[in-house]
Amino acid sequence: DAGVTQSPTHLIKTRGQQVTLRCSPKSGHDTVSWYQQALGQGPQFIFQYYEEEERQRGNFPDRFSGHQFPNYSSELNVNALLLGDSALYLCASSLFSGFKPQHFGDGTRLSIL
Amino acid sequence: KNEVEQSPQNLTAQEGEFITINCSYSVGISALHWLQQHPGGGIVSLFMLSSGKKKHGRLIATINIQEKHSSLHITASHPRDSAVYICAVSRVNYGGSQGNLIFGKGTKLSVKP
């Protein structure tokens, strides 16, 4: 039973570029949440997708957008990359109707030059 | 002031010692989570609790809802326990999803042999 998988594992971009990160949830999960973790900090909530809709959003600009597909997988898109977007991006999946912890992927480390 | 505060930020222990990590929060929650993050970045959920105490192996987590405080204890610590331990809370929100976690900055634990 595969857990949460994220791709790619590492990515290097330059300022102004656009990036797409991908996440496949754990089998049986229907909800995907994305988090940004800067070096030495705790993760910060970006947004959550359920039923192909953005259900909740943290304090992130519109440059951050996402999508959820019918198979529950999700993408995180970041436009007009800034140096400050360098971070570990974590995806977590869960069951929307369940009172159970989220399962996390290993993350995508994004470096902006 | 952060909504979730952890202490200490760094902790060094000798193998076999009893370890306590503390977490205080200032928002209404539906659950509190203790998570473990290894240097590679992946996050593993250790506990999710809304009241009382939970135990798993050498790990014990407690929560005091009235005082908005939780502790994670590790008995008979071992070098393999070395990791970052993160406290996070799920805010009370609509539906049953445990998304939108608010994280503390983490406690870096190093257990020396």
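Here the structure is shown first, and the text comes after it.
Attention in this report is confined to the structure presented alongside it. (Residues numbered from 1 in each chain as written. Chains lettered and ligands numbered in written order. Predicted model: local features only at pLDDT ≥ 70, side-chain atom pairs only at ≥ 80, totals over all residues. Heavy atoms only, no water.)

### A short note on the overall build of chain A
Operational definition: The numbering of helices and of strands both runs from the N terminus, where a helix is a DSSP run of H or I of at least 4 residues and a strand a run of E of at least 2. The globule rule is 2.2 Å times the number of residues to the power 0.38, and the radius of gyration it is compared with is taken over C-alpha atoms. Relative accessible area decides the class of each residue, using a 1.4 Å probe on protein chains only: under 20% of the type maximum gives buried, over 50% gives exposed, and in between gives partly exposed. Whether two residues touch is decided by their heavy atoms; if any such pair falls within 4.5 Å, the residues are in contact. Note that His is not counted, nor are the chain ends; the positive residues are Lys and Arg, and the negative ones are Asp and Glu. Charge positions are represented by NZ for Lys, CZ for Arg, CG for Asp and CD for Glu.
In terms of helices and strands, chain A carries 0 helices and 11 strands. Along chain A, helices (α) and strands (β) appear in the sequence β-β-β-β-β-β-β-β-β-β-β when read from the amino end. What you see for chain A is a C-alpha radius of gyration of 13 Å, in line with the 13 Å of a compact globule of 113 residues. Of all 113 residues assigned to chain A, the portion counted as buried reaches 49%. Sequence separation of at least 24 residues holds for 53% of the intrachain contacts in chain A that already meet a minimum separation of 6. Distance from the positive charge centre (9 side chains) to the negative charge centre (10 side chains) of chain A: 8 Å.

### Re the interface of chain A and chain B
Inclusion rule: Criterion for a salt bridge: a side-chain nitrogen of Lys or Arg within 4 Å of a carboxyl oxygen of Asp or Glu. Any pair of N or O atoms that falls within 3.5 Å is considered a polar contact. Within protein, one atom must be able to donate a hydrogen and the other to accept it, and sequence-neighbouring residues count only if both atoms are side-chain atoms. Any residue that is not Ala, Val, Leu, Ile, Met, Phe, Trp, Tyr, Cys, Pro, Asp, Glu, Lys or Arg is counted as polar, Gly included; the first ten are nonpolar and the last four charged.
Counting residues at the interface gives 24 residues for chain A, matched by 25 residues for chain B. One can count 0 salt bridges joining chain A with chain B. Inspection of the chain A/chain B interface yields 2 residue pairs in polar contact (both at pLDDT 80 or more). Of all the secondary structure elements, the ones that give two or more residues to the side of chain A that touches chain B are β4 (31-37), β5 (44-50), β6 (53-57) and β9 (87-94) of chain A. Looking at which element gives the most residues to the side of chain A that touches chain B, the answer is β4 of chain A, with 4 residues. Class assignment for the residues of the side of chain A that touches chain B results in 9 nonpolar, 12 polar and 3 charged.

### Some details on the sheet that holds strand β1 (residues 4-7) of chain B
Residue and element names in this part refer to chain B. Note the cut-off: A pair of strands counts as paired when DSSP detects no fewer than two bridges linking them. To obtain an axis, a line is fitted to C-alpha atoms, over the contacting stretch when the element is a helix, and the angle between two such axes runs from 0 to 180 degrees between their N-to-C directions.
Spatially, the 5 strands line up as an open sheet ordered β1-β3-β8-β7-β6, and their pairing is antiparallel. Lying at the two open borders of the sheet, with one neighbouring strand each, are β1 and β6 (52-56). When strand polarity is set aside, the average angle formed by the axes of neighbouring strands in this sheet is 15 degrees. As defined by bridge partners, strand β3 (residues 19-25) adjoins strand β8 (residues 69-74) across 6 bridges and the pair is classed as antiparallel. Directly across from C23, in β8, lies its bridge partner S70.

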